[in-house]
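Coordinate inspection notes
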Amino acid sequence: MAELNEALGVKKSYDEDKIIEKESTLLVFDLVGEYCGLPVNLVREIVHVPPRITRVPNAPDYVRGVINLRGTVIPVLDCALKMGNTPSQGSSESRIVVAEFEEVLFGVLVDAVREVRTIPESLVEVSGATSRTGDIGSDYMTGVAKMEDGRLIVLLDLAALFDINEPLDEEM
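Residues numbered from 1 in each chain as written. Predicted model: local features only at pLDDT ≥ 70, side-chain atom pairs only at ≥ 80, totals over all residues. Heavy atoms only, no water.

Turning next to the confidence of the model for the chain. Counting all residues, the mean pLDDT for the chain is 79, and 76% of those residues have values of 70 or more. Per-residue pLDDT stays below 50 along residues 129–135; that stretch engages in 15 contacts with residues further than four places along the chain or on separate chains. (pLDDT = per-residue confidence, 0-100. Contact = heavy atoms within 4.5 Å.)

Structure follows, in structure tokens:
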């Protein structure tokens with residue numbers, strides 16, 4: 001039985017004889033009126049939106065521009081615009097979530113950062129079972145977490161949202 005639990009990724013508690021299910025730790029933020037989440041292992045840091053983001057000529061519309069973050073130039077991407085909504089309107093709560101995916105560093109513009117939350121896998125419905133959540137299409141999400149308090153947290157797939165693997169494939 002222990003081998004089966006290990007193969008399934010289920011951990012057994014050492015203090016009790018209860019089985020503890022797998023969990024994910026997420027950064028939860030607001031985006032186009034929805035709660036969204038990213039695995040914290042993709043998040044490098046969270047920064048205030050600077051007064052000026054430098055535009056990049058001939059870049060796709062969803063690329064708001066670039067910022068200089070302590071000597072590193074980072075592209076800033078607007079999730080709302082990429083998903084077919086109106087561009088994010090900056091507010092005092094807006095932030096740039098600096099993420100790293102397969103050694104690609106970029107900033108994601110969000111409306112507000114809410115919390116870091118650990119979510120049991122049993123509360124997550126995989127993306128194939130959900131067709132559309134609010135203004136966020138299923139192509140851009142890995143699933144939806146259904147919280148005990150009734151909130152839904154859309155788990156974003158940054159690689160699919162911003163075609164991150166595409167530029168990597170072109171380089172090879």
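What follows is about the sheet that holds strand β14 (residues 141–146). Here we have 6 strands laid out as an open sheet, ordered β10-β3-β4-β15-β14-β11, and mixed in their pairing. The sheet is open, and its two borders are formed by β10 (112–120) and β11 (124–126), each paired with just one other strand. Each neighbouring strand pair of the sheet contributes to a mean axis angle of 35°, computed without reference to strand direction. (Pairing = 2+ DSSP bridges. Helix = DSSP H or I, 4+ residues; strand = E, 2+ residues; numbered from the N terminus. Axes fitted to C-alpha atoms, helices over the stretch in contact; angles between N-to-C directions.)

Here the focus is the pattern of salt bridges. Applying the stated criterion to the full structure yields 9 salt bridges. With a shortest N-O distance of 2.6 Å, Arg-114 and Asp-30 are connected by a salt bridge. Separated by 84 residues along the polypeptide, Arg-114 in strand β10 and Asp-30 in strand β3 (residues 23–31) bring together distant segments of the chain. Glu-100 is paired through a salt bridge with Arg-44; the nearest N and O atoms lie 3.5 Å apart. One end of the pair, Glu-100, is in strand β8 (residues 95–101); the other, Arg-44, is in strand β5 (residues 43–48), and 56 residues separate them in sequence. Each member of the salt-bridge network shares a partner with another, and the members are Glu-115, Arg-117, Asp-149 and Arg-151. (Salt bridge = Lys/Arg side-chain N within 4 Å of Asp/Glu carboxyl O.)

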